[in-house]
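# Architecture and fold: a report
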Amino acid sequence: MKNPYHDYTLTWWQLGLLKLGMLAAGIAIGAGWPQAFAGWTAALWIVFAITAVYLMRVSLKQM
């Protein structure tokens with residue numbers, strides 16, 4: 001079994017995707033303004049899920 005705790009490198013745009021996904025998850029989870037983001041909750045979860053799956057794939061590929 002490979003060690004999951006090793007260094008790997010992300011490009012600038014992959015890091016941007018990570019930040020975008022985390023922003024979307026943060027807004028979706030902690031929507032302090034429900035009236036402002038109520039219509040966007042599903043879209044934000046989809047953005048988070050896509051970026052999370054992609055970055056997991058990249059991370060696992062580099063292992």
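These notes cover the structure that comes with them. (Residues numbered from 1 in each chain as written. Predicted model: local features only at pLDDT ≥ 70, side-chain atom pairs only at ≥ 80, totals over all residues. Heavy atoms only, no water.)

### Points about the overall build of the protein
What the protein contains, in helices and strands, is three helices and zero strands. In the protein, the succession of helices and strands from N to C terminus is α-α-α. In the protein, which comprises 63 residues, the share counted as buried stands at 16%. Within the protein, counting contacts between residues at least 6 apart in sequence, those at least 24 apart form 70% of the total. Accessible surface for the protein amounts to roughly 5,100 Å². Of this, 72% is attributable to carbon and sulfur atoms. (Helix = DSSP H or I, 4+ residues; strand = E, 2+ residues; numbered from the N terminus. Buried < 20%, exposed > 50% of the residue type's maximum accessible area, 1.4 Å probe, protein only. Contact = heavy atoms within 4.5 Å. Areas by Shrake-Rupley, 256 points an atom, 1.4 Å probe, with all protein chains shown as cover.)

### Here we look at the environment of lysine 61
Looking at the element boundaries, lysine 61 is found in helix 3 (residues 41-61). Each C-alpha atom of the pair lysine 61 and tyrosine 8 lies 9.9 Å from the other, and the pair is 53 residues apart in sequence.

### A closer look at a nonpolar patch on the surface
On the surface, Val53, Met56, Leu60 and Met63 cluster together into a nonpolar patch covering about 390 Å² of accessible area. The residue leucine 60 is located in helix 3 in this model. (Patch = residues over 30% accessible without salt bridge, like charges linked within 9 Å, V, L, I, M, F, W, Y side chains within 5 Å. Salt bridge = Lys/Arg side-chain N within 4 Å of Asp/Glu carboxyl O.)

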